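# Structural overview for review
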Amino acid sequence: MKNMLEKILYYLVTTCAMNLIFFLRMIPEYIMDNETPPSVLNYTLFGFVGLLFLVGVISSIVLSARDTKFSEQSLGYEYRVIELENQTGLQYFTHFSLLILTAFSIPYTCIVLDFVFIILIHFFLGFIYIKENLYYINPILNIYGYRTYKCECKNIKTDKNKTIYVLARKYEIKKDLIIKTKSSNQDIIRINKSQIKGVTQ
């Protein structure tokens, strides 16, 4: 449950720019329209999109300020990095452009249809991003200085392979480093120096 909540927060951070454009475009169309006074539904949609944007902004601050913690006294899992790929720039502009173009695709002609359209956009984008682990390609966290690594790792004890996405700030992930996680189900972590111990070749 906690893992899914974190993925949803990552998704909302990823869609911050899209929600901001939704929000700003609604002001002249539905809030400041002198011919048609704003209705309750207008304010509801306006507030809903504003809330999504606000949650995304707060989540970005929390995720960037609070690295994934690991206690030396806690039971955990250790993985050796055997292959890695820096994916910071991979598909960055493709995903960012997709979200921006999606935000400009709504015609804003019918408040009910726009409400349904925005909800469906978030439902399908959220489902795909979370199911396919695309939420780690995150332009907002990149702005905070994070680099994204796709690491093929091997469990030290079980010798099983696992793919872990690492968001590292001010730290370069290298081959043969050991990454420690609290759970075997953890697919993405924000890293700091206390979580990694170097292993020389």
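Right above here is the structure, for reference.
Below is a summary of the structure that appears in this document. (Residues numbered from 1 in each chain as written. Predicted model: local features only at pLDDT ≥ 70, side-chain atom pairs only at ≥ 80, totals over all residues. Heavy atoms only, no water.)

### A short note on the overall build of the chain
This is how the line gets drawn: Numbered from the N terminus, helices here are DSSP runs of H or I no shorter than four residues, and strands are runs of E no shorter than two. Summary of the burial criterion: residues with accessible area below 20% of their type's maximum are buried, those above 50% are exposed, and those between are partly exposed, where the area comes from a 1.4 Å probe applied to protein chains only. Contacts between residues were defined by any pair of non-hydrogen atoms, one from each residue, lying within 4.5 Å. Accessible areas in this description were obtained via Shrake-Rupley with a 1.4 Å probe; residue shielding takes into account the shown protein chains only.
When you go through the chain residue by residue, the secondary structure sums to six helices and six strands. The burial tally for the chain puts 43% of its 201 residues in the buried class. Restricting the contact set of the chain to residue pairs at least 6 apart, pairs at least 24 apart contribute 72%. Put simply, the chain shows about 11,200 Å² of open surface, and 63% of that area lies on carbon and sulfur atoms.

### Brief notes about the pattern of salt bridges
Under the convention used in this document: Only one rule defines a salt bridge in this text: a Lys or Arg side-chain nitrogen within 4 Å of an Asp or Glu carboxyl oxygen.
Overall, the coordinates contain one salt bridge when judged by the stated rule. Residue Lys175 is joined to Glu83 by a salt bridge in which the shortest nitrogen-to-oxygen separation is 3.9 Å. Here the residue Lys175 occupies a position in the loop between β3 (161-169) and β4 (178-181), and Glu83 occupies one in strand β1 (residues 77-86), the gap between them amounting to 92 residues. Owing to a relative accessible area of 46%, Glu83 belongs among the partly exposed residues under this scheme.

### Considerations on helix α5 (residues 111-131)
Note the threshold: Take the number of residues in a helix, subtract one, and multiply by 1.5 Å to get its expected span. Note that the arc is defined by the directions from the helix axis to the C-beta atoms.
With 21 residues, α5 extends 30 Å from end C-alpha to end C-alpha; this agrees with the ideal 30 Å at 1.5 Å per step. Restricting attention to buried positions, one finds in α5 the residues Ile111, Asp114, Phe115, Ile118, Ile121, His122, Leu125, Gly126, Tyr129 and Ile130. An end-on view of α5 places all buried positions within 125 degrees of arc, on one side of the element. Opposite the buried face of α5, by more than 90 degrees, sit the exposed residues Leu113, Phe123, Phe127 and Lys131.

### Some remarks on a nonpolar patch on the surface
Put simply, the test is: The patches described consist of residues with a relative accessible area above 30% and no salt bridge, like charges being joined within 9 Å and nonpolar side chains (Val, Leu, Ile, Met, Phe, Trp, Tyr) within 5 Å.
Judged by side-chain polarity, Leu41, Val112, Val116, Leu120, Phe123 and Phe124 come together as a nonpolar surface patch covering roughly 540 Å² of accessible area. With five residues, the single largest contributor to the nonpolar patch is α5. Its location among the elements puts Val116 in helix α5. On the accessibility criterion, Val116 (43% relative accessible area) is partly exposed.

Any functional reading would require information that these geometric values do not contain.
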